[in-house]
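Given next are the chains, with one letter for each unit.
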Amino acid sequence: MTKQAKIVLNCVGPYRFHGERVVKACIEGGASHLDISGEPQYLERMQLMYNNKAKEAGVYIIGTCGFDSIPAEMGVVFAQKKFQGEINSIEAYLDFEAKEGIAINVTTLESAVYGFAHADELKSLRKSLYPEPLPKPKYRLNKRGAVHKNEVVNKYCVPFMGSDKSVVNRTQRYNYEHNKQRPIQFDPYIACSGILQLIGMMVFGIIFAVLSKFSFGQSLLIKLWTESSDQGRDCHNTAL
């Protein structure tokens with residue numbers, strides 16, 4: 001397929017398990033590769049292992065071409081183009097309204113579970129990928145607390161644990177090293193509609209963090225989420 005196509009869109013995750021073989025096949029077959037991953041370990045490992053090979057083959061290997069992380073990446077680019085001057089820092093806030101509940105794809109949950117379980121890999125991976133640190137900013141972006149109330153969205157907010165920060169920082173590093181642009185500091189957050197949602201999110205986050213550290217807990221999280229998703233689909237089909 002990669003020998004016949006110009007571009008392969010890879011939507012099959014978790015990419016930790018299924019992504020590399022597609023990237024490798026695209027480079028060998030001469031097709032560019034796009035995916036919708038939100039897994040920093042996968043993205044940065046592919047950059048480390050296959051960046052030079054992709055250059056030699058004349059193909060593009062591009063990740064996070066979906067909710068992760070086009071809004072964040074293009075939002076920063078848009079702000080840079082419209083801002084008359086140099087941007088020092090950007091804080092991004094994700095706000096959403098769910099009238100009929102929230103559904104998360106099981107594979108997305110799997111990616112989050114295994115990504116959180118192996119988060120320690122990122123430190124050594126980034127040390128190999130980026131041996132030289134970026135210059136320290138003159139005006140450092142103040143870190144928010146684990147929970148803070150934002151005056152713009154007027155809601156309680158917590159750090160967004162997706163790949164947005166990783167993706168934006170990779171671009172900032174590239175622009176600094178190749179275009180001599182000043183790196184932008186970037187921190188993403190997610191807004192909660194109320195105290196109950198904030199408490200629920202924090203409780204889920206604690207349980208998720210603890211269970212993700214053990215193989216039994218990982219299996220349990222995925223099993224429970226799969227069963228609840230199946231039940232939700234059955235109820236929805238019955239209602240229809």
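What you see is a predicted model, and the numbers here were worked out from it, not measured in a lab.

So, about the overall build of the protein. Across its full length, the protein carries eight helices and seven strands. Taken over C-alpha atoms, the radius of gyration comes to 20 Å for the protein, in line with the 18 Å a tight globule of 240 residues would show. With the C-alpha coordinates of the protein rotated into their principal frame, the extents come out at 50 × 50 × 35 Å. The buried share among the 240 residues of the protein stands at 32%. Of all intrachain contacts in the protein linking residues separated by at least 6 positions in sequence, the fraction that spans at least 24 positions is 76%. Positive and negative side-chain charges of the protein, numbering 29 and 24 respectively, have mean locations separated by a distance of 7 Å.

Turning next to the UniProt feature "domain: Saccharopine dehydrogenase NADP binding" (unreviewed entry) in the protein. The feature "domain: Saccharopine dehydrogenase NADP binding" (unreviewed entry), as annotated in UniProt, sits at residues 2–62 in this numbering. Here residues 2–62 is 54% helix and 16% strand, with 15 Å between the C-alpha atoms at its ends.

This paragraph deals with helix H6 (residues 164–179). Across its 16 residues, H6 extends 22 Å between first and last C-alpha, which sits within 8% of the 22 Å expected from 1.5 Å per residue. Of the residues making up H6, those classed as buried are Asp164, Ser166, Val167, Val168, Gln172, Arg173 and Asn175. One or two positions beyond H6, positive phi appears at Lys180, with a value near 60°.

What follows covers the pairing of strand S6 (residues 155–159). For strand S5 (residues 148–150) and S6, the ladder comprises three bridges, and the chain directions are antiparallel. Within S6, the position partnered with Lys149 by the bridge is Tyr156. Where S5 hands over to S6, the hairpin turn is made up of four residues, of which Asn154 adopts a positive phi near 55°. Where S6 meets strand S7 (residues 185–192), four bridges bridge the pair, whose relative direction is antiparallel. Pairing of Val158 across the sheet is with Ile190, part of S7.

So, on to the sheet that holds strand S2 (residues 32–35). Taken together, three strands build an open sheet; the order of strands is S1-S2-S3 and the sheet is parallel. Each edge of the open sheet carries a strand with a single partner, namely strand S1 (7–10) and strand S3 (61–62). Pairing of S2 with S3 involves two bridges; the strand directions are parallel. What sits directly across from Leu34, in S3, is Ile62.

This part covers the sheet that holds strand S4 (residues 89–94). Two pairing modes exist for strands in a sheet, parallel and antiparallel, and in both the strands are linked by backbone hydrogen bonds. Strands sit in the order S4-S7-S6-S5 across an open sheet of four strands; the sheet is mixed. A single partner strand is all that each edge strand has here, and the edge strands are S4 and S5. Neighbour to neighbour, the strand axes of the sheet diverge by 45° on average, direction disregarded. With six bridges joining them, S4 and S7 adopt parallel strand pairing. Note on S7: the bridge partner recorded for Leu94 is Ile190. On the sheet, helix H7 (residues 195–211) packs against S6 and S7 and is oriented at approximately 115° with respect to S7.

Once that is clear, we can look at the environment of Lys138. Following the sequence through the fold, Lys138 ends up in the loop between helix H5 (121–129) and S5. Separated by 35 residues in the primary sequence, Lys138 and Arg173 have C-alpha atoms spaced 16 Å apart.

Before going further, it helps to examine the packing of helix H2 (residues 40–57) against H5. Where H2 meets H5, the axes come as close as 10 Å, and the angle between the chain directions of the two elements is 25°. On the basis of their axis angle, the class for H2 and H5 is roughly parallel. Like other packed secondary-structure pairs, H2 and H5 cross with a definite hand, here left-handed. Between H2 and H5, the contacting residues are Pro40, Gln41, Glu44, Arg45, Gln47 and Leu48 on the first element and Glu121, Leu122, Leu125, Arg126, Ser128 and Leu129 on the second. Tallied by class, the residues present in the contact of H2 with H5 amount to five nonpolar, three polar and four charged.

Reading guide: rules and limits
Residues numbered from 1 in each chain as written. Predicted model: local features only at pLDDT ≥ 70, side-chain atom pairs only at ≥ 80, totals over all residues. Heavy atoms only, no water. Helix = DSSP H or I, 4+ residues; strand = E, 2+ residues; numbered from the N terminus. Rg over C-alpha atoms; globule rule 2.2 N^0.38 Å. Buried < 20%, exposed > 50% of the residue type's maximum accessible area, 1.4 Å probe, protein only. Contact = heavy atoms within 4.5 Å. Lys, Arg positive; Asp, Glu negative; His and termini not counted. Charge placed at Lys NZ, Arg CZ, Asp CG, Glu CD. UniProt positions renumbered as here; feature names shortened; annotations may be inferred. Expected span 1.5 Å × (residues − 1). Pairing = 2+ DSSP bridges. Axes fitted to C-alpha atoms, helices over the stretch in contact; angles between N-to-C directions. Parallel < 35°, antiparallel > 145°, perpendicular 65-115°, else oblique. Left-handed = near helix turned anticlockwise from the far one by under 90°. Nonpolar A, V, L, I, M, F, W, Y, C, P; charged D, E, K, R; others polar.

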